[in-house]
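Given next are the chains, with one letter for each unit.
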Amino acid sequence: MPADSQHNLIIGPDDRILVTGATGFIGSRVVENLLTRGFRNILCFARPSGKNERVLSASAAKSLATRFELLEGNLLSRQDCENACSNVSVIFHLAASMTAKSFPDAFMNSVVTTRNLLDACVRDAHLLRFVLVSSLSVYSNRQKSRLLDESCPVDEHAELRGEAYCFAKIKQEQIVTEYGKRFGLRYVILRPGTVYGAGQDGITGRIGIRTFGPFLHLGGSNTIPFTHVDNCAEAVVLAGLVEGIDFEVFNVMDDNLPSSRQFLRQYKQNVSSFRSIYIPRILSRLLCYLWETYSHWSEGQLPPAFNGGQWCANWRKTRYSNERLKTRLGWRPRVSTSDGLQRYFDSCKQRVGHA
Amino acid sequence: MLKVAIVGCGKIADAHASQILRISDCEIVGVCDCEPLMAKQLKERFPIKQYFSDLNRLLAESQPDVVHITTPAESHFQIARTCLESGCHVYVEKPFTLNAEEARVLIDLAERSRLKLTAGHSDQFTHVARRMRALVAKGYLGDGPVHMESHYGYDLGDPSYARALLGDRHHWVRRLPGKLLQNVISHGLARIAEFLTSDSPEVIAHGFVSPLLKSINEHDVLDELRVIICEDQRTTAYFTFSSSMRPSIHELRLYGTKNGLIVDHDHDILLRLRGSKFKSYADKFIPPLSFATQHLKNLGANVKLFLSNDFHMDSGMKYLIECFYRSIRQNMPLPISYREILLVSTMMDKLFKQLADTHVQYRNARDVLPEIVTAGVSS
């Protein structure tokens, strides 16, 4: 039986659950988490890929007597959305465009797809909750306080940040809240920070970039809002199950977060050593300002890849709070940051070794 | 003030909007997409007056002078025809239409209506392409090109487009008669067509699926193409399209009766190939020095363009749009002749027919074609 020690749940073990992006990095862990909790009627939606069956069969094998389905399709197809949403009680919507560089591509694969899914939801009366997995990048992070929590404003001019993913995520949130107001759709929005875990590699842009050749360390002493993929999946699942949290927003990040400098040092010690150049905050702010000014003056001869909005969102000195996640959802990290990072480094090292 | 509208609000529409806004005396009065959210997002990011999800409403309410069509290729014909019938000049993104017959119908309609029409062969108007054209016009090649080689590389690792195509069995590109090739090769063929004089050259095509695509069980999309083009036993050309070849180049080589030229579109480099040789060892030492000098001059030209703020990634598109608008305002000749647009379409028809004769998947795609054409004409 699904069980949660502190909260009542809105669905039972046989209620139908839809997970979009179910074979993705977080989605596959969400499915696993649901199976572990004893949910037995899970529909996994994913784009056609030879890997889907393999990814999900590993999870399904752990659960006996489970009605576990894989539906391959495209959320740009309204018919596929209707097929997916039929008789579903909770939707975990994780599918999104992660790699699209252009605004239209990111928008189409995140916002139009979400609208199609929402239209299918409102036509089907069974839905109790729609969980949208958004991103911490939606905040402008220009508030006076250094503390970033759920009360902070979302960036109103994401198009000026030059980040298609962030723009699409903000528009995705807007359309979900609009359906909440217009159709009474019960939703919960999660905004995870930097999700990491075994199977991924690379260093988040909040720490630094390699755009110009050598690694430029921009994070300095900033705290990096990491969340281990298992902890993130736990938060996503709780957001879909716990009673009394409709229409709320939760930031997701772990406890005992490392600073950018600490992470980089550990990465170099554990994975591979490389040369990095530290750029102090004041200098990175100035360079972003100059780049943005030139981009504007030159009518886009250089795209606005670096700008003030992006600097605030990624490299401004910031503190984070996961208090709301803990008090309202009863979330606790399953994997400690030290263990999570060690597993991550081990995985990265293996990948580097194979490369 | 020229009133401009954009129909189709996908990725390429961003480039159009950016370049149109850099041109003086014009404004974007409306954008349209059958998906209203896509039209809305474009309007929100650019200074655009209105957005629509219905073409007829756009034409009636915004009353544009010019319409840029940036939709998937299968809808180009019908939308262009509707716009021409509404009295608008039309810029159609490449590929112009699905076949030469559709292209001919549109051109006839434009001529009858005294309206202007152009195709989005913007790569022919980059700085380096214009430098090349000026040299050819001065007679650098001698008596025109004897032989041309156009290389068009395509990186299937590009996540924005190729992955979307390969991951979606219903992607619109798969419905085109020439599939991926039809959507991509017109830039490479247009470079050759510019220098051909006959209306129907001989075309010999060979296409196949690369080992990379076969390895991911993709057998429907031809991504390797080799073409020989000959006209009147005088001028010949090779066209190469490849997703596997590295480096993935975009290059035109022109060989005339006196000299030759290499146009490197990736790096905006123009190299002159001297037709005559130096004596003895001088031919081993002077040409490398000459090439080094030319490379330095190209570097200087590119730096100068950048510093003068005229080296945007879509500078070719801006130049083509400017020329097209000037042609409309001052009734000047079009930047791309109708003959050239038709020639590119004709060559594509010929090579897709040959591929259809040898590849069953292309034959299947072409079976759908008459329905699309009929739908376009009868509506």
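Procedures and definitions
Residues numbered from 1 in each chain as written. Chains lettered and ligands numbered in written order. Predicted model: local features only at pLDDT ≥ 70, side-chain atom pairs only at ≥ 80, totals over all residues. Helix = DSSP H or I, 4+ residues; strand = E, 2+ residues; numbered from the N terminus. Buried ≥ 20, exposed ≤ 12 C-beta atoms within 10 Å, placed from the backbone. Contact = placed C-beta atoms within 7 Å. Nonpolar A, V, L, I, M, F, W, Y, C, P; charged D, E, K, R; others polar. Domains from an automatic or database assignment. Pairing = 2+ DSSP bridges.

1. Examining the overall build of chain A
Here is step 1: Of regular secondary structure, chain A possesses 11 helices and 14 strands.
Here is step 2: Each principal axis of the C-alpha atoms in chain A carries an extent, and together these give about 55 × 40 × 40 Å.
Here is step 3: For chain A, the residues scored as buried account for 46% of the 355 residues in total.
Here is step 4: If you take every contact in chain A between residues at least 6 apart in sequence, the share linking residues at least 24 apart comes to 80%.

2. Considering the interface of chain A and chain B
Note: interface size is frequently given as the accessible area lost on complex formation between the parts.
Here is step 1: At the junction of the two partners, chain A supplies 22 residues and chain B supplies 21 residues.
Here is step 2: Taken together, the residues of the side of chain A that touches chain B break down into 8 nonpolar, 7 polar and 7 charged.

3. Quick notes on unusual backbone geometry
Residue and element names in this part refer to chain B.
Here is step 1: Of the consecutive residues Lys94 and Pro95, the connecting peptide bond is found in the cis state with omega at -10°.
Here is step 2: Residue position: Pro95 is located in the loop between strand S5 (89-92) and helix H5 (100-113).
Here is step 3: Pro247 follows Arg246 through a cis peptide bond whose omega is 0°.
Here is step 4: Among the secondary structure elements, Pro247 is positioned in the loop between strand S10 (235-242) and strand S11 (250-256).
Here is step 5: A positive phi angle, close to 45°, is found at Gln63, a residue other than glycine.
Here is step 6: Counting through the fold element by element, Gln63 comes out in the loop between helix H3 (55-62) and strand S4 (66-69).

4. Some details on the domain arrangement of chain B
Residues and elements named next belong to chain B.
Here is step 1: Each assigned domain of chain B is listed with its residue range as follows: domain 1 (2-121) and domain 2 (124-330).
Here is step 2: Once you take the C-alpha centre of each, domain 1 and domain 2 turn out to be 26 Å apart.
Here is step 3: Elements that contribute at least two residues to the side of domain 1 that touches domain 2 include exactly helix H1 (11-21) and S5.
Here is step 4: The biggest single contributor to the side of domain 1 that touches domain 2 is H1, with 5 residues.
Here is step 5: Across the side of domain 1 that touches domain 2, the residue classes tally to 11 nonpolar, 6 polar and 5 charged.

5. Points about the pairing of S11(B)
All names here are of chain B.
Here is step 1: For strand S7 (residues 145-153) and S11, the ladder comprises 7 bridges, and the chain directions are antiparallel. Bridging from a neighbouring strand, Tyr152 pairs with His250 of S11.
Here is step 2: Taken together, the 5 bridges between S11 and strand S12 (residues 260-264) define a ladder with antiparallel strand orientation. Each bridged residue has a counterpart across the sheet, and for Arg253 the counterpart in S12 is Ile262.

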